[in-house]
Amino acid sequence: SDSDHYQWLQVDFGSRKQISAIATQGRYSSSDWVTQYRMLYSDTGRNWKPYHQDGNIWAFPGNTNSDGVVRHDLQHPVIARYVRIVPLDWNGEGQIGLRIEVYGCSYWADVINFDGHVVLPYRFRNKKMKTLKDVISLKFKTSESEGVIFHGEGQQGDYITLELKKAKLVLNLNLGSNQLGSIYGHTSVMTGSLLDDHHWHSIIIERHGRNINLTLDRHMQHFRTNGEFDYLDLDYEITFGGMPFSGKPSSNSRKNFKGCMESINYNGNNITDLAKRKKLEPSNVVRVFSCVEPHTVPVFFNATSYLEVPGRPSQDLFSVSFLFRTWNPNGLLVFSNFADDLGNVEIDINEGKVSVHINVTQVKKNRIDISSGSGLNDGQWHEVRFLAKENFAVLTIDGDEASAVRTNSPLQVKTGEKYFFGGKKKPKQISHSFQGCMQFIHVDDQLVDLHAVEQGQLGSFANVTIDMCAIIDRCVPNHCEHGGKCTQTWDSFRCTCDGTGYSGATCHNSIYELSCEAYKHLGKTSNYYWIDPDGSGALGPLKVYCNMTGNLWTTVYHDLQMQTSVGGNSLEKLSVLQLNYSATMDQISAITSSAEYCEQFISYSCKMSRLLNTPEGNPYTWWVGKANEKHYYWGGSGPGIQKCACGIERNCTDPKYYCNCDADYKQWRKDTGMLSYKEHLPVSQVVVGDVDRPGSEAKISVGPVRCQGDRNYWNAASFVTSSSYLHFSTFQGETSADISFYFKTSASDGVFLENLGNTDFIKLELKSATEVSFSFDVGNGPVEIIVRSPNQLNDDQWHRVNAERNVKQASLQVDQLPLEVRKAPTEGHTRLELYSQLYVGAAGGQRGFLGCIRSLRMNGVTLDLEERAKVTPGVKPGCSGHCTSYGMYCANGGKCVEKYNGYSCDCSKTAYDGPFCIKDVGAFFEEGMWLRYNFHSPGTSMKDLVSRTLLSSTDPETTAPDLNLNKEELSFSFSTTKSPCVLLYISSYTQDFMAVLVKPSGNLQIRYSLGGTKEPYNIDVDHRNMANGQPHTVNITRNGRDIVLYSLPTASDIQFNSPKALFLGKVIEIGKIDQDIYKYNTPGFTGCLSRVQFNQIAPLKAALRPTNASSHVHIQGELVESNCGASPLTIPPMSAATDPWHLDSGKTGSIMILIPISLCLLCLGMHLSASFYMRGDRYICLS
């Protein structure tokens, strides 16, 4: 026999059987065996269906020799009478040789046929059916895309309907609505696709109250109905196969079901059996208890197919019609040449439309184009009818005569001998062959006998399959997560993630950071940000305010106004105040559960309105928190204690009560405090009770939820021996898996984590000092992705790893190195099936990991490494040495302080503030205002150790015990429009001084007097006007005689003796003062000063922030904090359009103005730190 791709072996079991496995062998003791095959099955020996697995038409691996048996257990059993084995490939040194064994068991079911007219009613014994639970199951097959499978309804408005719409299954359910409209119970759920394939599909609907499980062909969908009712109230009957005859007028447009059903079961009643035994009313209806098969013969085309059929030649009427279905937007449908070289006709699907091109050779205008329809590549059956005759052509889609497209262009028609469908024998002449199915093919008004074509009696074909439509909907179930939109072609699908907040091939990865802590480490400042606490998990992103100053706070707001009034002769005994947050309760719970500490302010202002009354009695007012749980304690108190803060502290207005409001005074009183038991937060409702008496009034205030710390971000474990590991439950990531973590190590290799199945596995490891590997096997053979770093990864610094695997692709990224991607095969296994425990830090028989792993997240869930490490030998909770990786973020002399779960920046010895010591601390000085910083505290001696340490330079070796300075570092920024003035003055207990002045001309001058010379030593920095309102930065460094690039005169002393005080704005000092300084001192400095630092002293910061040095400061006038003297950033921030983290934050915001400065210099005696860039014809100095 021939060995080609048109051979098959068919088995007839005589009746339908349930098939569970198949085994193959080659021909005995030969070179003939099949290496790959497909399995088709059917009830009738026609309309074959290929076996599907993992979303594909499955190709079974066959034999590798002639005698070995290869068995495959089917992923899901198949019910069929006929099985056909189609060889795809075979041993190249032999021919097709095949022995098969099919395993399974008997199958029996009652079948009933529905003709689209007669329905099957099941009437209730008591005329009404009120159920809390329902179980409805059945199987169906149909060729129709529309039809009601069953329907039941009640007079109260309840209903349940299961129907087909566009070959998808739709369940409509309503457990009750009310007439006022406040309860809307209608719920509609859609599932499945391509259910009009005339193959069996199974449905199970399980309902308990509002919880529904809808299972279609083993794919279960869980949902809850809308509304508030639990019972389904149906009247009289439930009908199968369509709407009842007494249906409402609105239901008349719904088509009845046409096809077959079997094993119909309604709440334990076998409906098909009752119908067969004529136990259902009306019993006199004639029913068919076998499946009436349709007469359709589909034909399946792949990318290299064609079907050639003969027509009736030399006719003056050209006529073709057919039905097609496809996912591809483009492809050739029909091609035929006219006789006598009159031209040809080509019918295509083009961008979802059907286009007809008539090439005419006898007239000047040699091409006629018409098109109709849109979106016809939706997988549904669509009918095409095209007719052409002399000077006339018409194209009709889906029988819609009203929108048929006609042309009266000059045309001469004479039909040819051959019609090609789906492609041509010479494919080079066409651009797009057709991938899809066709049926009901008519040529010249004759139905084409496709079975005759299959048997070689008519026409010819290549690479088509007759009597099968192997179409697959790759978007059902939808692999696009988080609401991503799925689109598909015949071979693949694509996810569009726009507007979802997620990215990646399957919209799996959140585009937002997990927490405010993560934004902080990207250098972000306080603002509103979107965060996604569970990453790729089911919770969506939410908008929070991240306060980065000091301790980092994450804040979630609600809509309840502060001091909301309640009562005042209210008729209602209880007033309920609802708080609506900018996030769901589950999202807020994700924040509170990972936080170190959370709090929420709550306040009750009262006038004759009691709050809790007594610890023993029922409270008048309470609040509702997480999981709708009521709480009877108030702010400042704790769970289980029915008291307010004053009751805990024993300072209530009336000592007989435990709340100020419980005294029931006619004057306004208040009970306030923080709710800080985070397991109870957030407050979702406040119920106020004692406001229904005359004169009773209350005001409620509830602050936003504020949380501090992120335990997930810093959750770490240290692996101290190579044999140590942590184990967790099996990782569940069958079709979509993401793994992210940080690691740091000094070892050159080690396994981060591993999880095994029978043959499947997933593993991440450090393969060498510069390589990270992500390897896995889902059944198609091992795959390994490696990222190679140009730098060493075992440098004891934190490095981030992100790995992802889904049905489309796998990827690996390390730090900010390029993403390595590996596409998944178009066919083959897609499910990752794991069984062992997940091992972190080691793998069987391999060298374990030495070092730290932090913030390990798998599919959005953080694994608690610290908790598991506490009970695991060889592993320690936490990880030290965060400053080695993150210390560089502490800027401007800030010191990195190691913490158990992270680090912080100590800015106390800098003139800056903020989490990274980059926020300028500055102030606006009005005319006549001044600030004095005394270098020793009042009442202490000059030998004060603290003063001596701060006043000295940062080098401890130069600390002089008598506080005579050999070196200084002074830096600040300023802006002013008035001159002359004294910017800064440092006095001493001797005649020594130092000053920075703006002269009458606006020039900047540095003035030193250290003794040894008659006159002070002056450095004129620049001859340009600095009193121009722009910010300028001043940095002065003296070391002995050297002042940056200049030197003091030889006669001058080099010690600054006994410094006494530093003045800003104006000099108020007793004793002799330099004449120019005295002259410039009136009326004083007006403008802004910022980040003033003299050695380790920051006088402005000491004045504006309560620190240990605040007692050294004396201020005359009101000091107003402002950053108007701060220099702009050297690198401007990203624009809103380019910054992915930028958010519109309502009315909050900041404006940065870059102002042109004519010149910035590095001068003799001082340097102005500056950067330049060109903007138009001006230089901009960001100093």
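All residue numbers refer to position in the chain's written sequence, counted from 1. Confidence filtering applies because this is a predicted model: local features only for residues at pLDDT of at least 70, side-chain atom pairs given and counted only at 80 or more, and all residues used for totals across whole chains, interfaces and linings. Working from all heavy atoms in the structure, the side-chain values ignore hydrogens and water.

Where an unreviewed UniProt entry is consulted, the chain appears under the name Contactin associated protein 2, with the organism given as Aquila chrysaetos chrysaetos. UniProt positions are given in the numbering used here, feature names are shortened, and annotations may be inferred rather than shown by experiment. Under the heading Sequence similarities (unreviewed entry), UniProt records this for the chain: "Belongs to the neurexin family."

Colleague: What exactly am I supposed to notice about the state of the cysteines here?
Modeller: Put plainly, two cysteines are in a disulfide when a covalent bond ties their sulfur atoms together. A pair of sulfur atoms, both from cysteines and within 2.5 Å, is called a disulfide here. Inspection of every chain in the model, using the stated rule, returns 15 disulfides. Here Cys646 connects covalently by a disulfide to Cys652, the sulfurs 2.0 Å from one another. An S-S torsion of about 85° defines the bridge between Cys646 and Cys652 as right-handed. For the pair Cys646 and Cys652, a shared accessibility class is recorded, and that class is buried. One disulfide in the model links Cys852 with Cys879; its S-S distance is 1.9 Å. On the sign convention where negative means left-handed, the S-S torsion of about 85° between Cys852 and Cys879 marks this disulfide as right-handed. Residue Cys852 is found in strand S61 (residues 851-858), and its partner Cys879 is found in the loop between strand S63 (875-877) and helix H7 (882-886); the two are separated by 27 residues along the sequence. Exposure categories follow from relative accessible area, calculated using a 1.4 Å probe and restricted to protein chains: below 20% of the type maximum is buried, above 50% is exposed, and the middle band is partly exposed. Owing to a relative accessible area of 9%, Cys852 belongs among the buried residues under this scheme. In this text, helices come from DSSP runs of H or I with a minimum length of four residues, and strands from runs of E with a minimum of two, each type numbered from the N-terminal end.

Colleague: Even after reading the chapter, I still don't get empty space enclosed by the protein, so can you show me in this structure?
Modeller: Over the atoms, a rolled probe matching the size of one water molecule traces out where space is still vacant. Cavities and pockets were defined on a 1 Å grid built from protein atoms only: a cavity is a group of points that admits a 1.4 Å probe but offers it no way out, a pocket is an open group of points flanked by protein on both sides within 12 Å along at least five of seven lines, and a lining residue is one with an atom within 4 Å of any such point. Grid points are joined across faces, edges and corners, and a volume is the space filled by probe spheres set on the points. Applying the stated criterion to the full structure yields two cavities of 30 Å³ or more. Considering only enclosed or pocket space, the largest cavity measures out at about 160 Å³ in volume. Lining the largest cavity we find 18 residues, and of these Leu514, Ser515, Ile591, Ser594 and Asp710 sit closest to its centre. Within this model, the second largest cavity holds a volume of roughly 60 Å³. Around the second largest cavity, the lining residues are Glu513, Leu514, Ala518, Tyr713, Ser740, Phe741, Tyr742, Arg800, Ser855 and Arg857. Elements with a contribution of two residues or more to the lining of the second largest cavity: strand S52 (736-744) and S61. Per-element accounting of the lining of the second largest cavity gives the leading share, three residues, to S52. Here the lining of the second largest cavity is built from residues that sort into five nonpolar, two polar and three charged. Ten residue types, Ala, Val, Leu, Ile, Met, Phe, Trp, Tyr, Cys and Pro, are classed as nonpolar, four, Asp, Glu, Lys and Arg, as charged, and the remainder, Gly among them, as polar.

Colleague: I'm lost on the side chain of Lys744 in this one. Help?
Modeller: Position of Lys744 among the secondary structure elements: in strand S52. In this tally Asp and Glu are treated as negative and Lys and Arg as positive; neither His nor the chain ends contributes. The rule for a salt bridge is simple: a side-chain nitrogen of Lys or Arg has to be within 4 Å of a carboxyl oxygen of Asp or Glu. Buried and unpaired, Lys744 has no salt bridge, with Asp796 as the nearest side chain of opposite charge at 4.5 Å. As used in this structure description, the phrase polar contact means that two N or O atoms lie within 3.5 Å; if the pair is within protein, one of them must be able to donate a hydrogen and the other to accept it, and residues adjacent in sequence are counted only when both atoms belong to side chains. Of note is the side chain of Lys744, whose polar atom sits 2.9 Å from the backbone oxygen of Ser880.

Colleague: Teacher, can you tell me more about the pattern of salt bridges here?
Modeller: Between side chains of opposite charge, a pair can form when the charged atoms approach closely. Tallied over the full model, the rule gives 45 salt bridges. Between Asp134 and Arg207 there is a salt bridge whose closest N-O contact spans 2.8 Å. Within this pair, whereas Asp134 is found in strand S11 (residues 133-141), its partner Arg207 is found in strand S16 (residues 201-208), the two being separated by 73 residues in sequence. Residues Glu765 and Lys763 are paired through a salt bridge, measuring 3.7 Å at the closest nitrogen-oxygen approach. Note on Glu765: relative accessible area 12%, which makes it buried. Several salt bridges converge on common partners, so that one network encompasses Arg16, Asp43, Lys141, Glu262 and Glu293.

Colleague: Whenever I open this one, the nonpolar core confuses me. Can you help?
Modeller: Side chains of a nonpolar character, in soluble globular proteins, are inclined to be buried together. Among the nonpolar cores identified, the biggest contains 45 residues, and Tyr604, Trp634, Val686 and Ile700 are the most heavily contacted of them. The set of elements that each furnish at least two residues to this core consists of helix H3 (516-520), strand S39 (527-531), strand S40 (542-547), helix H4 (585-594), strand S44 (597-607), strand S48 (685-688) and strand S49 (697-708). Examining the composition of this core, we find that five residues originate from one element, S49, more than from any other. If you look at the next biggest cluster of nonpolar residues, it comprises 43 residues, including Phe925, Phe935, Cys981 and Val1021. Note on terminology: a nonpolar core comprises buried Ala, Val, Leu, Ile, Met, Phe, Trp, Tyr and Cys residues joined through side-chain atoms within 4.5 Å.

Colleague: When you look at the environment of Gly268 in this model, what are you seeing that I'm missing?
Modeller: Residue placement: Gly268 occurs in the loop between strand S20 (258-266) and strand S21 (269-270). Accessibility expressed as a relative area gives 63% for Gly268, which makes it exposed. Sequence-wise, Gly268 and Val135 are 133 residues apart; in three dimensions their C-alpha atoms are separated by 7.7 Å.

Colleague: Quick question: what am I supposed to make of the side chain of Glu163 here?
Modeller: Assignment of secondary structure puts Glu163 in strand S13 (residues 159-165). One polar contact links Glu163 to Arg254, side chain to side chain, over a distance of 3.4 Å. Those residues within four positions of Glu163 in sequence are excluded, and the remaining contacts are Gly147, Val148, Ile149, Lys168, Leu169, Val170, Asn172 and Arg254. The contact rule is simple, with two residues in contact once any of their heavy atoms fall within 4.5 Å.

Colleague: Hey, could you run me through the UniProt feature "domain: EGF-like" (unreviewed entry) in the chain in this one?
Modeller: The feature "domain: EGF-like" (unreviewed entry), as annotated in UniProt, sits at residues 471-508 and 880-918 in this numbering. Annotated as 0% helix and 26% strand, the span residues 471-508 places its first and last C-alpha atoms 27 Å apart.

Colleague: Looking at this structure, I do not really get the packing of aromatic side chains. What am I missing?
Modeller: Within a pair of aromatic rings, the relevant descriptors are the distance that separates the centres and the angle that separates the planes. For Phe, Tyr and Trp, rings pair up if their centres lie within 6.5 Å, where Trp contributes its six-membered ring, and each pair is then called stacked (planes under 30 degrees apart), edge-to-face (over 60) or tilted (otherwise). In this structure the tally under the stated criterion is 47 aromatic pairs. Taking the centre distance of 5.6 Å and the plane angle of 90° together, the rings of Tyr6 and Phe461 count as edge-to-face. You can see Tyr6 sitting in the segment before strand S1 (9-25) and its partner Phe461 sitting in strand S34 (residues 460-466), a full 455 residues away along the chain. Assessed through its relative accessible area of 37%, Tyr6 is described here as partly exposed. Judged by relative accessible area, Phe461 falls into the partly exposed class, the value being 23%. Considering the side-chain rings of Phe301 and Phe434, the 5.7 Å spacing of their centres and the 70° angle between planes classify their relative orientation as edge-to-face. Of this pair, Phe301 sits in strand S22 (residues 299-310) while Phe434 sits in the loop between strand S31 (418-421) and strand S32 (436-443), placing them 133 residues apart in sequence. For Phe434, a relative accessible area of 1% corresponds to the buried category. Members of the aromatic cluster, joined through ring pairs, are Tyr713, Trp714, Tyr742, Tyr886, Tyr889, Tyr903 and Phe916. Throughout this description, the term charge over a ring refers to an Arg CZ or Lys NZ atom that lies within 6 Å of the ring centre and within 35 degrees of the ring normal. The ring of Trp553 has Arg706 sitting right over it, with the charged end atom 3.7 Å from the ring centre. We note Arg854 situated over the ring of Tyr713; from NZ or CZ to the ring centre the distance is 5.0 Å.

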